[in-house]
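Listed here are the chains, written in short residue letters.
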Amino acid sequence: DPDWASSTLGVFICLSCSGIHRNIPSISKVKSLKMDYWDDAQVQFLAKHGNAMTKAIYEAHIPIYYYQPSYNDCQVLREQWIRAKYERKEFTEVGKQLPYSDGVKEGILWKRGRDNGQFLPRKFLLSEREGCLKYFTKQDAKEPKINVKIDVINATFQPEKIGNPNGLQITYLKDNKTRNIFVYHESGKEVVDWFNAIRSVQFHYLKVAFPIASDNEIKNRLTRNFLKEGYMEKTGPKQREAFKKRWFTLDHRRLMYFKDPLDAFAKGEVFVGSGENGYSVQKGLPSGTQGNFSWHYGITIVTPDREYLFTCETETDQLEWIRAFTSVIDQAMTPQEYASKCLDAVSFPS
């Protein structure tokens, strides 16, 4: 039920995207369907075009790896998607050279320091040929600070957590532990180009690694959003320690906790398997739980090895976490996830 439309593009648009269209007045003139006057020519133009026809023109040749945001994605992703389509017309021609499609990207991103928390400019280099992402502490440095294989990288937008509308969280596995890097760029276009460049390099790497997989199967293995993040309280393995407030991230089958949302390394991780392998989630805490806790909406994660106890501040938080855990536990485990579980010796300390 959109209440808005672009009289110059001939498309109906939702309220949240109407504001983005208004910021491109040379391309899109936004009008209310109910409150504004539409003359006959404008009505006929809208009837002649419409969303399906306009999509066929402006979305004709989207690269399979390009991330197409939904209405609930962050502002910078939605804005750059709209600008890429209508302002820059990136997808109207076959084989058009795009800033994220040539297999290499180099530039400056503002990176948060692991220890001091300051954002400083750092040179990043993404290479499809080398299959890696590097960053350098100095512009003229010959050796990178990190050199990460492209197949262990994930990228997700985190504007609220990072405190910048163009904030991007890059995560990767090191010794089977998750490491976080937090970056941003002053330009929304540039940070979204980096995001899609990572997806492009990953896509071509996986095409070689899994030659019989379909494009859609590979697309679904590119960058992923976290299933759930937020604060909970946790207790230790003896279940008699006081509950402590921590930041939790559920990244598919990895549940990680951090003392601070912007920590570079998780304080602990636990593998969340499938129901058929002995994993379950239960509402509430076991009777007789002794640890002191200030939040009263409990969750119990049952694994073959032990039970993990958490409390949430509100019932809404509790139900959202239970839904997220259930969505993971209900899925059958893949062979790769079995292997990951065998390698993963990390669990929650006290």
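Each value, and the rule that gives it
Counting from 1, residues in each chain are numbered in the order their sequence is written. Side-chain atom pairs in this predicted model are given and counted only at pLDDT of 80 or more, local residue features only at pLDDT of at least 70, and totals for whole chains, interfaces and linings cover all residues. Calculated side-chain values reflect all of the structure's heavy atoms, with hydrogen atoms and water omitted. UniProt positions are given in the numbering used here, feature names are shortened, and annotations may be inferred rather than shown by experiment. Cavities and pockets were defined on a 1 Å grid built over protein atoms only: a cavity is a set of grid points that admits a 1.4 Å probe from which the probe cannot escape, a pocket is an open set flanked by protein on both sides within 12 Å along at least five of seven lines, and lining residues are those with an atom within 4 Å of any such point. Grid points are joined across faces, edges and corners, and a volume is the space filled by probe spheres set on the points. Strands are runs of DSSP state E lasting at least 2 residues, helices are runs of H or I lasting at least 4, and numbering of each runs from the N terminus. Only Asp, Glu, Lys and Arg are considered charged in this grouping, and only Ala, Val, Leu, Ile, Met, Phe, Trp, Tyr, Cys and Pro are considered nonpolar; every other residue, Gly among them, is considered polar. Buried Ala, Val, Leu, Ile, Met, Phe, Trp, Tyr and Cys residues that are joined via side-chain atoms within 4.5 Å together make up what is termed a nonpolar core. Three exposure classes are used, based on accessible area relative to the maximum for each residue type with a 1.4 Å probe and protein chains only: buried under 20%, partly exposed in between, and exposed over 50%. Where each domain begins and ends is defined by an automated method or by a domain database. Two residues qualify as a contact provided that any one of their heavy atoms is within 4.5 Å of a heavy atom in the partner residue. For two strands to pair, DSSP has to find at least two bridges joining them. Each axis is a line fitted through C-alpha atoms, taken for helices only over the stretch in contact, and angles between the N-to-C directions span 0 to 180 degrees. Accessible area, probed at 1.4 Å, shrinks when two parts are joined; the buried area is that loss added up over both. By convention in these notes, a salt bridge is any Lys or Arg side-chain nitrogen within 4 Å of a carboxyl oxygen on Asp or Glu. Two N or O atoms count as a polar contact when they lie within 3.5 Å, although within protein this holds only if one can serve as hydrogen donor and the other as acceptor, and sequence-adjacent residues are included solely when both atoms are side-chain atoms. Stacked, tilted and edge-to-face are the three classes applied to pairs of Phe, Tyr and Trp rings, where Trp contributes its six-membered ring and a pair requires centres within 6.5 Å; stacked means planes under 30 degrees apart, edge-to-face means over 60, and tilted covers the rest. The rule for a charge over a ring is simple: NZ of Lys or CZ of Arg within 6 Å of the ring centre, and within 35 degrees of the ring normal. In what follows, roughly perpendicular refers to angles from 65 to 115 degrees, roughly parallel to angles under 35, roughly antiparallel to angles over 145, and oblique to any angle outside these ranges. For any helix crossing, the convention is left-handed if the near helix is rotated counterclockwise from the far helix by under a right angle, and right-handed if that rotation is clockwise.

Looking at an unreviewed UniProt entry, one finds the chain named ADAP1 protein and attributed to Chaetops frenatus. The Subcellular location (unreviewed entry) comment attached to the chain in UniProt states, word for word, "Cytoplasm".

Draft legend 1. View of the layout of surface pockets. Roughly 1,400 Å³ of internal volume is contained in the largest pocket. In terms of lining residues, the largest pocket is bounded by 38 residues, among which Asp151, Arg221, Arg224, His252 and Glu337 are the most central. Those elements giving two or more residues to the lining of the largest pocket turn out to be β8 (153-157), β9 (168-174), α6 (188-209) and α9 (335-343). Roughly 530 Å³ of internal volume is contained in the second largest pocket. Lining the second largest pocket are 16 residues, with Asn72, Phe157, Gln158, Pro159 and Glu229 positioned closest to its centre. Sorting the residues of the lining of the second largest pocket by element identifies β8, α5 (159-162) and β11 (228-234) as the ones contributing at least two each. Top element by residues in the lining of the second largest pocket is α5. It accounts for 3 residues. Here the lining of the second largest pocket is built from residues that sort into 7 nonpolar, 4 polar and 5 charged.

Draft legend 2. Focus on the nonpolar core. Counting residues in hydrophobic clusters, the biggest one holds 50 residues, and the most contacted among them are Leu126, Ile153, Phe157, Leu168 and Ile170. The element contributing the most residues to this core is α6, with 9 residues. Mapped onto the domain boundaries, this core takes at least three residues apiece from domain 1 (4-87) and domain 2 (104-220). Each residue touching Leu126, except ones within four places of it in the same chain, is listed here: Gly103, Val104, Lys105, Cys132, Leu133, Ile150, Trp194, Ala197, Ile198 and Val201. With 22 residues, the next largest nonpolar core counts Leu250, Phe271, Tyr279 and Phe325 among its residues.

Draft legend 3. Summary view of the sheet that holds strand β3 (residues 30-32). Taken together, the 3 strands give an open sheet; going across it, the order is β2-β1-β3, and neighbouring strands pair in antiparallel fashion. Both edges of this open sheet fall to β2 (11-13) and β3, since each of them pairs with a single strand only. Each strand of the sheet is rotated relative to its neighbour by a mean of 35 degrees, with strand direction disregarded. Alignment of strand β1 (residues 4-6) against β2, held across 3 bridges, turns out to be antiparallel. By the bridge assignment, Ala5 is partnered in β2 with Phe12.

Draft legend 4. Quick look at the domain arrangement of the chain. When the domains of the chain are assigned, the result is domain 1 (4-87), domain 2 (104-220) and domain 3 (228-347). Relative to domain 2, the C-alpha centre of domain 1 lies at a distance of 30 Å. Contact residues are listed per partner, giving 8 residues for domain 1 and 17 residues for domain 2. Summing both partners gives a buried area of about 1,100 Å² for domain 1 against domain 2, and 73% of it is carried by carbon and sulfur. Its largest share of buried area at the contact with domain 2, domain 1 owes to Ile64, Tyr65 and Val76, together 54% of the area lost on that side. Taken together, the links from domain 1 to domain 2 amount to 0 salt bridges. Scanning the region where domain 1 abuts domain 2 turns up 2 residue pairs in polar contact (both at pLDDT 80 or more). When the residues that make up the side of domain 1 that touches domain 2 are grouped by side-chain class, the tally is 7 nonpolar, 1 polar and no charged.

Draft legend 5. Summary view of the packing of aromatic side chains. One pass over the structure, following the stated rule, counts 19 aromatic pairs. Taken together, a centroid distance of 5.9 Å and an interplanar angle of 35 degrees make the contact between Tyr66 and Trp81 tilted. Separated by 15 residues along the polypeptide, Tyr66 in the loop between α3 (50-58) and α4 (75-87) and Trp81 in helix α4 bring together distant segments of the chain. Each member of the pair Tyr66 and Trp81 is classed as buried. Between Trp110 and Tyr184 the ring centres are 6.1 Å apart and the planes differ by 10 degrees, which places this aromatic pair in the stacked class. Pair noted here: Trp110 is in strand β4 (residues 104-112) and Tyr184 is in strand β10 (residues 177-184), with a separation of 74 residues, a long-range link. Site record: aromatic cluster; members linked through ring pairs are Tyr65, Tyr66, Trp81, Phe91, Tyr100 and Phe203. For Lys31, the ring lying beneath its charged end belongs to Trp38, and the centroid distance is 5.1 Å. Positioned over the ring face of Phe210 is Arg221, at 4.4 Å from the centre of the ring.

Draft legend 6. Representation of empty space enclosed by the protein. Applying the stated rule across the entire model yields 4 cavities of 30 Å³ or more. By volume, the largest cavity is sized at about 50 Å³. Elements supplying a minimum of two residues to the lining of the largest cavity: β4 and β10. The biggest single contributor to the lining of the largest cavity is β10, with 4 residues.

Draft legend 7. Structural context of the packing of helix α1 (residues 15-22) against α4. One can describe the packing of α1 onto α4 by two numbers: an axis separation of 10 Å at closest approach and a directional angle of 55 degrees. The pairing of α1 with α4 is recorded here as oblique in orientation. For the crossing formed where α1 meets α4, the hand is right-handed. Touching Ser16, Cys17, Ile20 and His21 of α1 are Gln75, Arg78, Glu79, Ile82 and Tyr86, all from α4.

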